[in-house]
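Listed below are the residues making up each chain.
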Number of protein chains: 2
Amino acid sequence: MKALLLSLCLLPMVLLAQKEDSAFIRKIASEILKNGTAYNNLRHLTKNIGGRLAGSPQMTKAENWGADAMRTAGADNVIMQACMVPHWVRGGTDKASVVTINSKKTNRPLDVLALGNTVGTGSKGVTTQVLAISSFEELEKRKDEVKGKIIFYNAAFNPTNINPSTSYGEMGVYRTRGASRAAKYGAVGTIVRSMTEGENNHPHTGSQTYNDSFPKIPALAVGLRDADYLWKICRENQNVQLTINTYGSFLPDTLGHNVIGELKGAGPEVKYITVGGHLDSWDVNEGAHDDGTGVVQTIEVLRALKAVGYQPKHTLRFVLFANEENGLRGGNKYAEEAKVKNENHVFALETDGGGFTPRGFGFTIDAAKLQSIQPWVQLLKPYGVYQLASGGGGADIGPLNKGLGTALAGLQPDPQRYFDLHHARNDVFEQVNKRELLLGAVNMAALIYLVDKYGL
Amino acid sequence: MKALLLSLCLLPMVLLAQKEDSAFIRKIASEILKNGTAYNNLRHLTKNIGGRLAGSPQMTKAENWGADAMRTAGADNVIMQACMVPHWVRGGTDKASVVTINSKKTNRPLDVLALGNTVGTGSKGVTTQVLAISSFEELEKRKDEVKGKIIFYNAAFNPTNINPSTSYGEMGVYRTRGASRAAKYGAVGTIVRSMTEGENNHPHTGSQTYNDSFPKIPALAVGLRDADYLWKICRENQNVQLTINTYGSFLPDTLGHNVIGELKGAGPEVKYITVGGHLDSWDVNEGAHDDGTGVVQTIEVLRALKAVGYQPKHTLRFVLFANEENGLRGGNKYAEEAKVKNENHVFALETDGGGFTPRGFGFTIDAAKLQSIQPWVQLLKPYGVYQLASGGGGADIGPLNKGLGTALAGLQPDPQRYFDLHHARNDVFEQVNKRELLLGAVNMAALIYLVDKYGL
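Notes on the structure in this doc start here. Every value quoted in this text rests on a predicted model; they were computed, and no experiment measured them.

1. What about the relation of the copies chain B and chain A?
Relating the two copies of this chain is a rotation about some axis coupled with a shift parallel to it. Laying chain B over chain A is done by rotating through 180° and shifting 0.0 Å along the axis; what remains is an RMSD of 0.0 Å. Both copies are brought into coincidence by an operation consistent with a two-fold rotation axis. When C-alpha distances to the rotation axis are compared across chain B, the minimum falls at Tyr386 of chain B, with a value of 3.9 Å. Of all interface residues in chain B, 100% are interface residues in chain A too; the two copies therefore contact each other through one and the same surface.

2. Comments concerning the interface of chain B and chain A
On the chain A side, the residues contacting the 32 residues of chain B number 32 residues. Together chain B and chain A conceal approximately 2600 Å² of surface at their shared face, both sides included; 51% is due to carbon and sulfur atoms. Interface area lost by chain B to chain A is led by Ile162, Glu199 and Arg435 of chain B, which between them contribute 25%. There are eight salt bridges connecting chain B and chain A. Here Arg435 of chain A makes a salt bridge to Glu197 of chain B, at a shortest N to O gap of 3.3 Å.

3. Notes on the sheet that holds strand β11 (residues 271-278) of chain B
Hydrogen bonds between backbone groups are what pair the strands of a sheet, and the pairing can be parallel or antiparallel. Residues and elements named next belong to chain B. Spatial ordering of the open sheet is given by β1-β10-β12-β11-β13-β16-β14-β15, a layout of eight strands whose pairing is mixed. Two strands close off the open sheet at either side, each with one partner strand: β1 (77-89) and β15 (387-390). Shown here is a sheet whose adjacent strand axes are inclined to one another by a mean of 25°, direction ignored. As judged from the twelve bridges shared by β1 and strand β10 (residues 249-263), these two strands associate in the antiparallel manner. Residue pairing across strands places Gln81 opposite Asn258, the latter belonging to β10. Its contacts with the sheet place helix α3 (residues 57-73) against β1, β10 and β12 (315-321), and it is angled at close to 0° to β10. Helix-sheet contacts for helix α14 (residues 434-454) involve β11, β12, β13 (344-350), β14 (358-364) and β16 (407-413), and the interaxial angle to β14 is about 40°.

4. A look at the pairing of strand β9 (residues 240-245) of chain A
Residue and element names in this part refer to chain A. Among the six residues that make up β9, five are buried, leaving the element largely enclosed by the rest of the structure. Judged from the six bridges that link them, strand β2 (residues 95-101) and β9 form a sheet pairing that is antiparallel. Bridge pairing in β9 links Ser97 to Thr243. Inspection of the sheet shows strand β5 (residues 126-133) paired to β9 by four bridges, in the antiparallel sense. Bridge pairing in β9 links Thr128 to Leu242.

5. Concerning the environment of Tyr383 of chain B
Relative to the elements of secondary structure, Tyr383 of chain B occurs in the loop between α11 (376-380) and β15. Here the alpha-carbon distance between Tyr383 of chain B and Gly148 of chain B, two residues 235 residues apart in the chain, equals 56 Å. Residues in contact with Tyr383 of chain B, not counting those within four places in the same chain, are Ile162 of chain A together with Ile25, Arg26, Ala29, Pro358, Leu439, Val442 and Asn443 of chain B.

6. Section: the side chain of Thr205 of chain A
Residues and elements named next belong to chain A. Residue placement: Thr205 occurs in the loop between β7 (189-193) and β8 (219-222). At a separation of 2.8 Å, a polar atom in the side chain of Thr205 contacts the main-chain carbonyl oxygen of Ala114. Residues contacting Thr205, with those up to four places away along its chain left out, are Arg90, Leu113, Ala114, Leu115, Gly116, Arg175, Trp282, Val284 and His423.

7. Observations concerning the packing of aromatic side chains
Centre-to-centre distance and the angle between the planes together describe a pair of aromatic rings. Residue and element names in this part refer to chain A. Here the structure, examined in full by the defined rule, presents 31 aromatic pairs over all chains. On the numbers, 6.4 Å between centres and 70° between planes, the contact of Phe152 with Trp231 is edge-to-face. Pair noted here: Phe152 is in strand β6 (residues 150-153) and Trp231 is in helix α7 (residues 224-236), with a separation of 79 residues, a long-range link. Its relative accessible area of 0% is what places Phe152 among the buried residues. Between the aromatic rings of Tyr153 and Tyr174, the centroid separation amounts to 5.5 Å while the plane-to-plane angle is 50°, which identifies the pairing as tilted. Remark: Tyr174 occurs in helix α5 (residues 164-176) and Tyr153 occurs in strand β6; sequence separation between them is 21 residues. Its relative accessible area of 0% is what places Tyr153 among the buried residues.

8. Points about α5 of chain A
Compared with the 18 Å implied by 1.5 Å per residue over 13 residues, the 17 Å span of α5 of chain A between its first and last C-alpha is a close match. Bending of α5 of chain A peaks at approximately 40° at the position of Glu170 of chain A. Among the residues making up α5 of chain A, those that are buried are Pro164, Ser167, Met171, Gly172, Tyr174 and Arg175 of chain A. Where the residues of α5 of chain A are buried, they touch α4 (136-141), β6, α6 (178-183), β7 and α13 (418-421) of chain A together with α14 of chain B.

Analysis parameters
Residues numbered from 1 in each chain as written. Chains lettered and ligands numbered in written order. Predicted model: local features only at pLDDT ≥ 70, side-chain atom pairs only at ≥ 80, totals over all residues. Heavy atoms only, no water. Least-squares fit on C-alpha atoms with pLDDT ≥ 70 in both. Contact = heavy atoms within 4.5 Å. Buried area = accessible area lost by both parts, 1.4 Å probe. Salt bridge = Lys/Arg side-chain N within 4 Å of Asp/Glu carboxyl O. Pairing = 2+ DSSP bridges. Helix = DSSP H or I, 4+ residues; strand = E, 2+ residues; numbered from the N terminus. Axes fitted to C-alpha atoms, helices over the stretch in contact; angles between N-to-C directions. Buried < 20%, exposed > 50% of the residue type's maximum accessible area, 1.4 Å probe, protein only. Polar contact = N/O pair within 3.5 Å; in protein donor to acceptor, adjacent residues only side chain to side chain. Phe/Tyr/Trp six-rings, centres within 6.5 Å; stacked < 30°, edge-to-face > 60°. Expected span 1.5 Å × (residues − 1). Bend = angle between axes of the 7 residues up to and from the residue.

Rendered as structure tokens:
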């Protein structure tokens, strides 16, 4: 009874706070939708700088631009946090073609891209028979047939998965681990069906990791229409021969940076909240949705909070992480330094699912905490976020959770279009809608405000 | 207490029913996501038929295609419901250019499109001074300056509206009524800022309606970049002269059809549920999102229910309505015949907001009924629909509600991208994502199943 009375007494205060929060979030939203610079920032990052793989000249250009953009947005100070990054280069134009079908000459090119971190074929290329399989299970069954061949993994996304990320989770391993799995049995190259269910023929690159116990062999991704063609001719004919040409190699590690903008907290004790995306992208596109949008949304949250005169309790760190795509050195460095300096990181939010219309946030926190923040849904719903779900974060902030136990969240934009362009040539500025981009930033800013005010 | 016991007894039945419903909806979803023909149907409708304004040869082609598609999808029978439709033709290429600024010759073209249902300028065009205003309020204040001029309505969407449909609701009247409002004071033509906040310069057409009390004058829409330019030069200069050339006219009304596919109900009493979109589109694009996607989703719902062997209680009517864009004759005819034949129409669902990722349904039913169906949200949420809101339906099914009191709903896809292409040249097939399109159909089929099973 006492508890009930107490909560009845508190009710007007709760309602007042909710009204205040609602008004503040509306203010933030109007600021972003009216004066947001994220779209123009993205235009610059994608069109004037472009693809910015770790170690490339564009990486350095992007870092300098990022620092300037943070200052323009109103950061109290900007830190360039140094870290060594891998420097993989594609080295040339990846090519593949079907050269013979049952010894009959043909010359059918396939649209391919080398996977990140792969070795090349040498200038003469590799010409040999292809073995088309649909799973690792089939690889194991047919391991005696593998030697000297190129293995073609034709593992398709399951279209009945409602969230295509589920399909990516299921099939990604053919890209990341397929080369060494095949090299174990003597394969001399691999081609993987691209990680997409898009309707065009663009190949989708992405990183892969060799198992050092086996020879390192070239690994390519092929576009879906060509994958379907290759699958068909391999199933219909005894002997299909391919030539592949690819030139990947590693140069020595080089100096990269996490670009960090800060808004200093007013609290007596310094506690940190991190908001971020990754500044690097693949080399074959403009890195618009992956993760240019996360980068400019991060800067937009800083700009908008500053523009409306918000004084945070926590020190807010806006971080453009280095080298998410093929090494994660930026994310690891950020967590290492936090640990070394004994910093108190209470929360980190990452956006790396594309700049599509927002639907929710996914959290890595304990269940009771997640339950306790459910009332926030009512504050975010007018702006598109209707769920605060369990599970989520981001690759770059993962090490903070691992090393320091920091609570994590990731923005969940609508996932349907992401794998149409993820790591492919068509991940360009024109694919981004200004309003969707800005609404993502609105919800991110609102969440940061709520966590800053109420803790987590 | 009795009520409580009763509801406790009923609980297992309710849970069982929910499990059944959930399984059935999953079955429908898998059928659509795996075997859906909506995307290929849309490709045909947009690429092989294209823009299909009422009265055009493409209208007839689209009707015949629609009837065939309904049969292929498994309709028990297909009805071609005749109705006379208006036959407005654009008549030529709409043009506008700035010819003098303060008597100094220039020749700056503006990207324009005549609004639907407008008269032309005659072959010589109209050359006169332009008066730029931002609202009807300003028009009234400056009515003495209007005579002999072209009125340029520069009424921009408010970017802080979270749903751009709100902006369309606020500003649409400048397109639909602006010509006659200006003609009242002697204007000889109007140009309206396009109903969009997109980043390109495409003009957006759409219907307008003359007030017969005033002279009919030509009315154009202008792209946003050119609107900004025109606004600037008009504010900075005393006298800006424009030439406009446009050729719209009405031919005699002609015969069109609502294309109706039926799945016969098993109930002893014939009750109808209608699902539809509109088959006509503007002439300047492919009518992809408006409303090709609604058309192919409607056919997809029919196909999927048939494919999984569903036997409805109600007779389900899948309707491709004629002439939504510039007359609504199809929607009116459908309701009129229903009334004449004393048909019992319990529910109608329309999709005319684009084939974007689904978020909800909006209902025109009484509040208590809407409350009672809220548990359905849990069944739809896995597929993207998280709200069953008050308010909604569609232009074509509106007359059913008005005339027969039929309960209505409209699919609410994500609204952020719609006005980037609505009534503009870029409303083409390439703007449609296959998965978003199919998920719309999944939710529509699920809702139809629930209404068919439980009533409304």
